[in-house]
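Descriptive analysis of the structure
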Amino acid sequence: MKIAIVGIGLIGGSMAISLKANGFATQIIGVDKNKTNAQKALDIHLVDVIMSLDEAIECADIIILSTPVSAMTALLPVILNKIKGNQIVLDVGSTKEMILKSVENHTNRGQFVATHPMAGTEFSGPEAAIPNLFDGKCTVFVDIEKTNPKAHQMAEKLYKALKMGIVYLDGKAHDIHTAYISHISHISSFALALTVLEKEQDEKRIFELASGGFRSSVRLAKSSPDMWIPIFEQNRDNVLDVLDEHINTLAKFRSLLIKKNFTEFYRLIEEANDIQRILK
Ligand code: NAP
């Protein structure tokens, strides 16, 4: 099984490591517009060979698109124009509606599997790739009824080889759920990091005093704008809705503090504690 990975960064590189280690892939072909990243991926043995996109499409059985989502909407129709026979294309993008729209009437739509592995870290590039990133996590298959059954089965095998569970959603539901589960927490982490960096000028103090709570709340603020701006552009409407709700909740906490209503504040914290029931 020859697998081409277009965009050899954190996600593409981590898939490359696991698919090679578990024997699913016999050859990993790397494609990346960033020549430094492509060379790094080769040097650290994430990929067996680097090719141009056209060369990779010529010889791969499966093509995995793992670039920022803005590049996916441009690349996906081009790749579907060029594939032949049973070749399969998967994307791993964090948004879905725009990507699906870019190929909705394409004659090779059936060979495309829209997926979103719900795993990651705050780091980017080939050196951020790690083994076992996907173990025990889940991936979302989106609008799967538009994919040919054989392509669907092959994608299932690939994700099972990555030890992932599979959840099925339509594009609209995917983008709404990820706005809540993933996208808003990044905005709130960027905002918290900015607030502290602006107000707390003493970097040494931040370093000395930052304990578990602050560190874990701002971890996501280390994430790359190259990856996140295209996500916010593509999922703008849903993220705006969630952001409005979040701002209302912050305003509620602010108002309770002003009124010194610690009884209601206590009650809201208890309500928030309920997240423990879902996420142990
Ligand atoms: P990443 O580490 O930045 O890797 C992306 C790679 O693709 C970089 O080397 C980038 O080069 C390259 N690239 C950009 N445009 C390209 C193009 N037109 N053709 C070929 N290569 C191109 O990003 P990542 O975190 O792996 O994210 C990849 C995808 O996975 C994104 O769509 C993201 O939404 C999705 N995803 C991410 C996570 C996460 O936690 N990070 C989780 C699940 C899904 P440059 O550095 O020069 O741009």
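Residues numbered from 1 in each chain as written. Predicted model: local features only at pLDDT ≥ 70, side-chain atom pairs only at ≥ 80, totals over all residues. Heavy atoms only, no water.

1. Some thoughts on the pairing of strand β7 (residues 138-142)
For β7, a buried count of four out of five residues is recorded, marking the element as mostly surrounded by other parts of the structure. Two strands pair when backbone bridges link them, and strand β6 (residues 112-117) and β7 are joined in this way by four bridges, in the antiparallel orientation. Residue pairing across strands places T115 opposite F141, the latter belonging to β7. Here five bridges tie β7 to strand β8 (residues 165-169), and the two strands are oriented parallel to one another. Across the sheet, residue V140 finds its bridge partner in β8, namely V167. (Buried < 20%, exposed > 50% of the residue type's maximum accessible area, 1.4 Å probe, protein only. Helix = DSSP H or I, 4+ residues; strand = E, 2+ residues; numbered from the N terminus. Pairing = 2+ DSSP bridges.)

2. Regarding the domain arrangement of the chain
What the domain assignment lists for the chain is domain 1 (2-169) and domain 2 (174-278). Measuring from the centre of the C-alpha atoms in domain 1 to the corresponding centre in domain 2 gives 30 Å. Tallying the contact residues gives 19 residues for domain 1 and 16 residues for domain 2. For the pair domain 1 and domain 2, the summed buried surface comes to about 1400 Å²; carbon and sulfur atoms form 63% of the total. Its largest share of buried area at the contact with domain 2, domain 1 owes to S94, T95 and E122, together 37% of the area lost on that side. Notably, a salt bridge pairs E122 with R219, separated by 2.7 Å at the nearest N-O pair. The tally of links between domain 1 and domain 2 comes to six residue pairs in polar contact (both at pLDDT 80 or more). For the side of domain 1 that touches domain 2, the secondary structure elements donating two or more residues are α4 (69-82), α5 (97-101) and β7. Looking at the side of domain 1 that touches domain 2 residue by residue, the classes come out as nine nonpolar, seven polar and three charged. (Domains from an automatic or database assignment. Contact = heavy atoms within 4.5 Å. Buried area = accessible area lost by both parts, 1.4 Å probe. Salt bridge = Lys/Arg side-chain N within 4 Å of Asp/Glu carboxyl O. Polar contact = N/O pair within 3.5 Å; in protein donor to acceptor, adjacent residues only side chain to side chain. Nonpolar A, V, L, I, M, F, W, Y, C, P; charged D, E, K, R; others polar.)

3. So, the site of the ligand
Around the ligand lies a shell of 28 residues, among which D32, N37, T67, S94 and G125 are the nearest. Contact distances for the ligand include 2.7 Å between an oxygen atom and a side-chain N or O atom of N37. Protein coverage of the free-state accessible area of the ligand, which is 900 Å², stands at 86%. For the shell around the ligand, the elements supplying multiple residues, two or more each, are α1 (10-21), α4, β6 and α10 (225-234). Looking at the shell around the ligand, the element that brings in the most residues is α4, giving four residues. (Near = heavy atom within 4 Å. Areas by Shrake-Rupley, 256 points an atom, 1.4 Å probe, with all protein chains shown as cover.)

4. Concerning the packing of aromatic side chains
Taken as a whole and judged by the stated rule, the model has five aromatic pairs. When the ring of F141 is compared with that of Y168, the centres are 5.7 Å apart and the planes differ by 80°; the resulting orientation is edge-to-face. With F141 in strand β7 and Y168 in strand β8, this residue pair connects regions lying 27 residues apart in the sequence. Between F253 and F265, the aromatic rings sit 5.0 Å apart at their centres with planes inclined by 35°, giving tilted as the arrangement. Of the two residues, F253 sits in helix α11 (residues 236-258) while F265 sits in helix α12 (residues 262-272), which places them 12 residues apart along the sequence. Residue classification places F265 among the buried positions, given a relative accessible area of 17%. (Phe/Tyr/Trp six-rings, centres within 6.5 Å; stacked < 30°, edge-to-face > 60°.)

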